[in-house]
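# Summary of structural features
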Amino acid sequence: LLSIARSSGARSMSSLSNHLQPLPGGSPSHFGREGIGIDLAEASTSPQFAGEVRDALYENGVLVFRGQSHLTPQDEMNFARLFSHQPDDQNQSYTGGAGTQHRLPEYPSIALVGSY
């Protein structure tokens, strides 16, 4: 599970391991990490980052990246491709049995989650 929070203040990253901290709020210490000061728009273009984020996700189960309000839909697609072996899902996504999956018209691979 990845969480990309849309708030300001992201910085570029050097090495992912230098930016990971345990999640606040009493979660088990072995579960989940927050990436502090990482700019996913910049970082997702780095092959080194791709490997590091996959390793960190598998090791910790959950990664949270705050400060990503500047991401464009294309930036989000670039980041998502770090986890896919397919070029694009061409409007195919798992909805968990939900009916209509609302999407961005220009980026049908990006599903909208939440109240709208």
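First, a word on scope: everything that follows refers to the structure included in this document. (Residues numbered from 1 in each chain as written. Predicted model: local features only at pLDDT ≥ 70, side-chain atom pairs only at ≥ 80, totals over all residues. Heavy atoms only, no water.)

### Digging into the pattern of salt bridges
Note the following rule: For this analysis, a salt bridge means a side-chain nitrogen from Lys or Arg found within 4 Å of a carboxyl oxygen belonging to Asp or Glu. Only runs of H or I of at least four residues qualify as helices and only runs of E of at least two qualify as strands under DSSP, and these elements are numbered from the N terminus. Residue burial is assigned from relative accessible area. The probe radius is 1.4 Å, only protein chains are included, and a residue is buried under 20% of its type maximum, exposed over 50%, and partly exposed in between.
Counting across every chain of the model gives one salt bridge. Notably, a salt bridge pairs R66 with E34, separated by 2.6 Å at the nearest N-O pair. Linking R66 in the loop between β4 (63-65) and α3 (73-80) with E34 in strand β3 (residues 33-35), this pair joins segments that are 32 residues apart in sequence. Judged by its relative accessible area of 9%, E34 falls in the buried class.

### A look at the packing of aromatic side chains
How we decide: Working definition: a ring pair exists when centres of Phe, Tyr or Trp rings (six-membered ring for Trp) sit within 6.5 Å. Plane angles under 30 degrees give stacked, over 60 give edge-to-face, the rest tilted.
Going through the model one piece at a time under the given rule, you end up with two aromatic pairs. Ring geometry for F49 versus F79: centroids 6.5 Å apart, planes at 40°, classification tilted. Of this pair, F49 sits in helix α2 (residues 47-60) while F79 is found in helix α3, placing the two residues 30 residues apart along the sequence. Across the pair, F79 and F49 agree in class, each one buried. Ring plane angle 75° and centroid distance 6.0 Å describe the contact between F65 and F79, whose orientation is recorded as edge-to-face. Taken together, the positions of F65 in strand β4 and F79 in helix α3 put the pair 14 residues apart, joining distant regions of the chain. There is no split in this pair, since F65 and F79 are both buried. Here the aromatic residues F49, F65 and F79 are joined through ring pairs into a cluster of three or more.

These figures capture arrangement, not role.
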